[in-house]
Amino acid sequence: PPVKTYECLRTSEPITIDGRLDEPVWKRAKWSEPFAMIHDGSRTPLDTRVAFLWDDQYLFAAYRVEDADIRASMSGFNDHVYFNDEDVELFFEGNGYYYELGLNALNTSYQIRWTWVEPLVREQRFSELEELFKAPDVLYYVARDSEKIGRHADLNYQLPGCKHAVFIDGTINCPEVKDRGWTVEVALPWEGLRQIAGGRTLPPKPGDSFRMTAYRCHHDRKTRTAKGWTWSVMGNDNIHIPERWNQVVFVDR
């Protein structure tokens, strides 16, 4: 299906990053349609939605996650929470880089800065290549058909100034209590995102757009399987295809 376009509205009102989404501005934001199955866009049994706002300092994101049995266990630094826990994830593509943030219901986060390697080699940016592979904890993602070399993931990356919070509407890790769900707030500072933008103008100007997407890793406890639910339909099970992410246009209203 076609890549969607989303209008990200500007806010002049302060937003407290506490996960509660009780500021009036979130009621006026443009909320997405429900997330769908990543591979074909079919319906999911639980509702998940995302909304974005922006001002001169931050890109804001909010999630509404329906969940009748909220559970989470991972709490370590940069734990890749999707291995064991339900999580929500945010992806932001710059020029030559993209950023990944994941959060579980305990507000445990992991962050990754992904770098496309081929442009660095082509442009002979060898000092940057050397710094990439000096990082203590990395993942080298092998090439797919449209890449000659692949991409590099800094698994210890922390976006400067990133703020996030989770609010639980229910009782976490208590299956005998029926929960309603959880909500998430994220604030990504434009100054920190300069490390991802690759020279693109930040904060964006009205009319500028960036490719972004949002994701939920749902763990089915009966079948012991994990499934991807996404804002943008990928056509397969791989969320790491930025050309399939939605176009987020920043508007001045």
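Structure first, text after, so check above.
Note that the structure is a prediction, hence the values are computed from the model and not measured.

Caption draft 1: Representation of the overall build of the chain. Scanning the chain from N- to C-terminus turns up 4 helices and 14 strands. Scaling as 2.2 N^0.38, a compact globule of 253 residues should have a C-alpha radius of gyration of about 18 Å, and the chain matches this with 18 Å. In terms of overall dimensions, the chain has a C-alpha envelope of 60 × 45 × 35 Å along the principal axes. Burial status across the chain gives 52% buried among its 253 residues. Taking the average location of the 31 positive side-chain charges in the chain and that of its 39 negative ones, the two points are 4 Å from each other.

Caption draft 2: View of the packing of aromatic side chains. The full count for this structure, using the stated rule, is 18 aromatic pairs. Ring centres 4.7 Å apart and planes at 45° place the aromatic pair Tyr-82 and Phe-83 in the tilted group. The class of Tyr-82 is partly exposed, set by a relative accessible area of 24%. Geometrically, the ring pair formed by Phe-133 and Tyr-140 is tilted, given 6.0 Å between the ring centres and 45° between the ring planes. Members of the aromatic cluster, each reached through a chain of ring pairs, are Phe-91, Tyr-98, Trp-114, Trp-116, Tyr-141 and Trp-245. The side chain of Arg-64 reaches across the aromatic face of Trp-31, ending 3.9 Å from its centre. Its end group placed over the ring of Tyr-141, Arg-151 keeps NZ or CZ at 4.6 Å from the ring centre.

Caption draft 3: Up close: the nonpolar core. Counting residues in each nonpolar core, the largest one holds 58 residues, and the members touching the most others are Trp-26, Phe-52, Leu-59 and Leu-188. In this structure, Leu-59 is in contact with Cys-8, Phe-52, Leu-53, Phe-92, Val-186, Ala-187, Leu-188, Trp-190, Leu-193, Met-212 and Phe-250, ignoring residues within four places of it in sequence. In terms of nonpolar packing, the next biggest core, distinct from the first, is built from 17 residues, Tyr-98, Trp-116, Leu-155 and Tyr-215 among them.

Caption draft 4: Just the pattern of salt bridges, in detail. Enumeration according to the criterion identifies 16 salt bridges in this entry. Here Asp-69 ties to Arg-221 by a salt bridge, and the two come within 3.8 Å at their closest N and O atoms. On the criterion of sequence distance, the pair formed by Asp-69 in the loop between strand E4 (58-66) and strand E5 (87-93) and Arg-221 in the loop between strand E12 (209-220) and strand E13 (225-230) is long-range, its members being 152 residues apart. For Glu-128, the salt bridge goes to Arg-125, with nearest N and O atoms at 3.0 Å. Here Glu-128 falls in the partly exposed class, since its relative accessible area comes to 22%.

Here is what the cut-offs are and how they apply
- Residues numbered from 1 in each chain as written.
- Predicted model: local features only at pLDDT ≥ 70, side-chain atom pairs only at ≥ 80, totals over all residues.
- Heavy atoms only, no water.
- Helix = DSSP H or I, 4+ residues; strand = E, 2+ residues; numbered from the N terminus.
- Rg over C-alpha atoms; globule rule 2.2 N^0.38 Å.
- Buried < 20%, exposed > 50% of the residue type's maximum accessible area, 1.4 Å probe, protein only.
- Lys, Arg positive; Asp, Glu negative; His and termini not counted.
- Charge placed at Lys NZ, Arg CZ, Asp CG, Glu CD.
- Phe/Tyr/Trp six-rings, centres within 6.5 Å; stacked < 30°, edge-to-face > 60°.
- Lys NZ or Arg CZ within 6 Å of the ring centre and 35° of its normal.
- Core = buried A, V, L, I, M, F, W, Y, C linked by side-chain atoms within 4.5 Å.
- Contact = heavy atoms within 4.5 Å.
- Salt bridge = Lys/Arg side-chain N within 4 Å of Asp/Glu carboxyl O.

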